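Descriptive structure summary
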Amino acid sequence: MLSKSQAKTFFVGGTVVFSAAFLALTYDSMQQIPALTHDDKITPAVERGKMIWEDNNCMGCHTLFGEGAYYAPELTKVVERRGKPWLKLFLKDPQKMFPGERKMVQYGFNEAQIDDVIAFLEWCGNVDLQGFPAKPPLAGKVQNVVSSGGATGKPQPELFRTICVACHAVGGAGGTVGPPLDDVRNRKSRADMMAWIANPQSIKPGTPMPKIDMSEAQLNEIVDFLLSLSGSVPAAVAPAQPQPTFE
Amino acid sequence: MKYQSQKIAYWFFAAAMVLFSLQIVYGFIMGFARIGYDVLHDWIPFNTARAVHTNLLVVWLLCGFMGAAYYIIPEEVERDLEWPKLAWLQYFSLLIDGVIAVGCYHFNIWEGRKFLEIPRPLDYLVVVNVLMFIANIGVTMWKGKRSTTTSMVLFMGLLFAALLYLPGMVQVRNQTVDSFYRWWVVHLWVEGVWELIMGGMLCYLLIKLTGVDREVVEKWLYLIVGLTFLSGILGTGHHYYYIGTPRYWLIVGGVFSALEPLAFLGMAIYALAMAKRGERKHPNRIALTWSLGCAVMSFVGAGFLGMAHTLPQVNMYTHGTLVTAMHGHLAFWGAYAMIVLAMIAYALPLMTGRKLWDTPLASWAFWTSNIGMLGMTGALAVAGITQVNLERRMGLDFMLVQKEIQVHFIGMLLAAALFTVGIGMFIVMFFRHGLPNDEALGTDVAGDLVAVGK
């Protein structure tokens, strides 16, 4: 049976060997990380963004590279997912975008700070993370894959393309928070739409639909676009129809 | 208790109890926020509550480790602490540092890196503080009458923990490099050198409580901490899968973290075997219960549940979800909280001379807190697995999924209430012992039996 001194040798020897291996791998990683992370693309704006990220402990709710807390969304690919215009609007007043929902602290960032944060997150989005976050493997099986055949109409206005699609889908592409809008013209009149978009809370208090600041021209442009959509909502996305009952 | 200077341990343990209670309060704040009652949002937003919750955990565990060292080392090396007054200075400065840090979090002042939120200037105070502690313990051992494996392992754990704090203080511009060295502190602490501390404490308790020959107990201690480092050092790789590091970490991290449960399994078998082999029936049964509970629960929480999501193929989908929180809760409870509570349960009667072992309340505290913690882990597991499936596998929106799993946090809160009752009973027991006193001196190494009046 093993003696105590042999056991000690095992402990000391193992520790030395594996520490050495770990240090060697660390050295090699440090050589490779600049290329994997595009270290040369770390601009002063990215560095400032990282400081803002840390100074406000964003990791205390969000995750980045999958690290952090699990109270708010993963942000590694957020610039790709939401787009810069949406993020700018959101960071100006986070609670306004999700009224009545889980709250983000109102940091009151100025324009320059918002740009820095976005620059940092954009840099993070381009780091080679060995495939993380993976594309959801079952997404195709549970969501209706729709061609854009459903909705034909005018091209999407800038504001719609960058902001509204975060929650609403058109032609099967977009968010699932609000209803799809392919056939909205069958349900709502022009006046309805104008009033609703201009101030959702006044029509339905407590709705998660935010009030987005826009000019009269932008509002008209969006409503024109919605009225031009001639699609029907794909079956799997549409709310279930009430079943006929026996009389 | 044999030496005057061991009394300081009591105050570290008392501080640990207070900080632990506060940690639980902040846990409840987060739990309620998750079911929609974030009424404190304007004063204590989630990121503040989270930073306070995890930092208080670390500070109270460190208080427990330091108290344990101040108690164990004099007894092992057979002399008083070298500088008892320095120990007091270290005690107060640690608490002041901790209170300032926690206060800062309420005013949006921090370093903002997961688990290392302490504002940078306070980091330097921590370093000075730990130097005082290490120096005091180190010199006491140096001048001691004998040198034991138990005390050496404990000291090495504490020393390496202090050294590994340093890489976490370096400021870098690249987020990947930042994360890389942050894990040197976080991972190499909890899955490396803290296990040395835990092993040293467990070994000491087993020698005292079971009466098995020191040579035998210490030989196995070497093997187990050997296994810990063998798997744990390269096991750091499981944090380097998806943060912008080279691909080989998927293999290195995967293989070595698959070995990590072995160390914990070894620890559990070792503790149970020693307890069975021991002939001495020490009257402090509850301390033995906590010690064995610690060995078993650390295997379940740290070893088994860690293994459950450490393979790269699994971790791709569980990384950054509540599955991590599930593992974290039982791992910290089993491995570190329980060893500190075991040490307290053992040392308190000897420091105060009040033989309050084997009371019904003490048993209730053990079982209630453990069942509560298992319930919390279960609730987090269901929430975590649902989140993985809906969000990561099916691609549903984050907030939509959060609403789906909200109900599990009601279960979590109920289990947490049970846990709190258990810890409440433990704390009542703690203060019933009264203060350490000179009459308790003389319950020496050869006989904890003296304390029993035999």
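The rules we used
Residues numbered from 1 in each chain as written. Chains lettered and ligands numbered in written order. Predicted model: local features only at pLDDT ≥ 70, side-chain atom pairs only at ≥ 80, totals over all residues. Heavy atoms only, no water. Helix = DSSP H or I, 4+ residues; strand = E, 2+ residues; numbered from the N terminus. Buried < 20%, exposed > 50% of the residue type's maximum accessible area, 1.4 Å probe, protein only. Contact = heavy atoms within 4.5 Å. Areas by Shrake-Rupley, 256 points an atom, 1.4 Å probe, with all protein chains shown as cover. Lys, Arg positive; Asp, Glu negative; His and termini not counted. Charge placed at Lys NZ, Arg CZ, Asp CG, Glu CD. Domains from an automatic or database assignment. Buried area = accessible area lost by both parts, 1.4 Å probe. Salt bridge = Lys/Arg side-chain N within 4 Å of Asp/Glu carboxyl O. Polar contact = N/O pair within 3.5 Å; in protein donor to acceptor, adjacent residues only side chain to side chain. Core = buried A, V, L, I, M, F, W, Y, C linked by side-chain atoms within 4.5 Å. Axes fitted to C-alpha atoms, helices over the stretch in contact; angles between N-to-C directions. Parallel < 35°, antiparallel > 145°, perpendicular 65-115°, else oblique. Left-handed = near helix turned anticlockwise from the far one by under 90°. Nonpolar A, V, L, I, M, F, W, Y, C, P; charged D, E, K, R; others polar. Patch = residues over 30% accessible without salt bridge, like charges linked within 9 Å, V, L, I, M, F, W, Y side chains within 5 Å. Expected span 1.5 Å × (residues − 1). Phe/Tyr/Trp six-rings, centres within 6.5 Å; stacked < 30°, edge-to-face > 60°. Lys NZ or Arg CZ within 6 Å of the ring centre and 35° of its normal.

When helices and strands are tallied, chain B shows 14 helices and zero strands. Dimensions of chain B, computed from C-alpha atoms along their principal axes, come out at roughly 65 × 45 × 45 Å. Burial analysis of chain B (454 residues in total) assigns 65% to the buried set. Sequence separation of at least 24 residues holds for 85% of the intrachain contacts in chain B that already meet a minimum separation of 6. When the accessible area of chain B is evaluated, it comes to approximately 15,900 Å², of which 72% is carbon and sulfur surface. Side chains of chain B carry 30 positive and 27 negative charges; the gap between the two charge centres is 3 Å.

Residue and element names in this part refer to chain A. Here the domain parsing of chain A yields domain 1 (40-134) and domain 2 (139-228). On the domain 2 side, the residues contacting the eight residues of domain 1 number 11 residues. Buried area between domain 1 and domain 2, both sides added, is near 840 Å², and the carbon and sulfur share of it is 64%. Together, W86, K96 and P99 form the three largest contributors to the area buried by domain 1 at its contact with domain 2, with a combined 46%. In this structure, the connection of domain 1 to domain 2 is made through one salt bridge. Residues K96 and D213 are paired through a salt bridge, measuring 3.1 Å at the closest nitrogen-oxygen approach. Inspection of the region where domain 1 meets domain 2 yields two residue pairs in polar contact (both at pLDDT 80 or more). A total of three residues in the side of domain 1 that touches domain 2 trace back to one element, the largest contributor, which is helix α4 (residues 84-92).

Before going further, it helps to examine the nonpolar core. Counting residues in each nonpolar core, the largest one holds 228 residues, and the members touching the most others are L226(A), Y71(B), W194(B), W290(B), W333(B), M343(B) and Y346(B). Taken domain by domain, this core gets at least three of its residues from each of domain 1 (40-134) and domain 2 (139-228) of chain A. Apart from the residues within four sequence positions on either side, W194(B) is in contact with V58(B), L61(B), L62(B), F65(B), A161(B), W189(B), F332(B) and Y336(B).

So, on to the pattern of salt bridges. Scanning the model with the defined rule gives 28 salt bridges over all chains in all. The salt bridge involving R187(A) is made with D183(A); its shortest N-O contact spans 3.2 Å. Residue D183(A) is classed as buried on the basis of its relative accessible area, which comes to 16%. Across the pair E76(B) and R214(B) runs a salt bridge whose closest N-O atoms are separated by 2.8 Å.

With that settled, the discussion passes to the interface of chain B and chain A. Contact residues are listed per partner, giving 80 residues for chain B and 72 residues for chain A. Taken over both partners, the interface formed by chain B and chain A buries close to 6,800 Å², and the fraction arising from carbon and sulfur atoms is 62%. Of all residues in chain B, the largest losses of buried area upon contact with chain A belong to R173(B), Q175(B) and Y222(B), amounting jointly to 12% of the total for that side. Our count for the contact surface shared by chain B and chain A stands at eight salt bridges.

All names here are of chain B. Where helix α12 (residues 360-393) contacts helix α13 (residues 398-432), the two axes come as close as 8 Å, and the packing angle between them is 165°. Classed by the angle they form, the pair α12 and α13 counts as roughly antiparallel. Considering only the axes of α12 and α13, their crossing is left-handed. When the residues that make up the contact of α12 with α13 are grouped by side-chain class, the tally is 27 nonpolar, 10 polar and three charged.

Attention now goes to a nonpolar patch on the surface. Residue and element names in this part refer to chain B. Taken together, W88, F92, I96 and I100 make up a surface patch of nonpolar side chains, about 370 Å² in accessible area. Tracing the backbone through its elements, the reader meets I100 in helix α3 (residues 84-105). Assessed through its relative accessible area of 39%, I100 is described here as partly exposed.

Time to look at helix α12 (residues 216-228) of chain A. Taking 1.5 Å of rise per residue, the 13 residues of α12(A) would be expected to cover 18 Å, and the 18 Å separating its terminal C-alpha atoms lies within 8% of that figure. All of the buried residues along α12(A) are L219(A), I222(A), V223(A), F225(A), L226(A) and S228(A).

Let us look at the environment of K77(A). Within the secondary structure, K77(A) is located in the loop between β2 (67-68) and α3 (78-82). Placed 98 residues apart in sequence, K77(A) and G175(A) show a C-alpha to C-alpha distance of 16 Å.

At the junction of F132(A) and P133(A), the peptide bond is cis and its omega measures out at -10° in the coordinates. Note that P133(A) resides in the loop between α6 (111-125) and α7 (139-142). In the Ramachandran plot, E78(B) falls in the positive-phi region, its phi being about 60° despite a non-glycine side chain. E78(B) gets classed as partly exposed once you look at its relative accessible area, which sits at 24%. Here the phi dihedral of F115(B) falls at roughly 75°; this positive angle occurs in a residue that is not glycine. In this fold, F115(B) is placed in the loop between α3 and α4 (120-142).

Right, let's get into helix α5 (residues 149-164) of chain B. The end-to-end C-alpha distance of α5(B) is 22 Å, a good match for the 22 Å that 16 residues give at a rise of 1.5 Å each. Of the residues making up α5(B), those classed as buried are T149(B), T150(B), S151(B), V153(B), L154(B), F155(B), G157(B), L158(B), A161(B) and L164(B). Buried positions along α5(B) lie against α1 (4-37) of chain A together with α2 (46-77), α4, α6 (175-210) and α7 (214-235) of chain B.

This next bit is on the packing of α1(A) against α6(B). Where α1(A) meets α6(B), the axes come as close as 11 Å, and the angle between the chain directions of the two elements is 165°. Between α1(A) and α6(B), the angle is such that the two are roughly antiparallel. Crossing handedness for the pair α1(A) and α6(B): right-handed. Two secondary-structure elements touch here, α1(A) through F11(A), F22(A), L23(A), T26(A), S29(A), M30(A), I33(A) and T37(A) and α6(B) through T176(B), V177(B), F180(B), Y181(B), W184(B), L188(B) and L196(B).

With that out of the way, let us pick up the packing of aromatic side chains. Residue and element names in this part refer to chain B. Taken as a whole, this structure holds 47 aromatic pairs over all chains when the rule is applied. Relative to Y346, the ring of Y204 lies with its centre 6.0 Å away and its plane at 85°, an arrangement referred to as edge-to-face. Of this pair, Y204 sits in helix α6 while Y346 sits in helix α11 (residues 322-352), and the two are 142 residues apart along the sequence. Taking relative accessible area as the criterion, Y204 reaches 0% and is therefore assigned buried. Accessibility expressed as a relative area gives 0% for Y346, which makes it buried. By way of ring pairs, the aromatic residues Y10, W11, F12, Y70, W88, Y91, F92, F133, F430 and F431 are connected into one cluster. Over the aromatic face of W183 sits the side chain of R182, whose NZ or CZ is 4.7 Å from the ring centroid. Over the ring of Y317 we find R393; its NZ or CZ atom is 4.7 Å from the centre of that ring.

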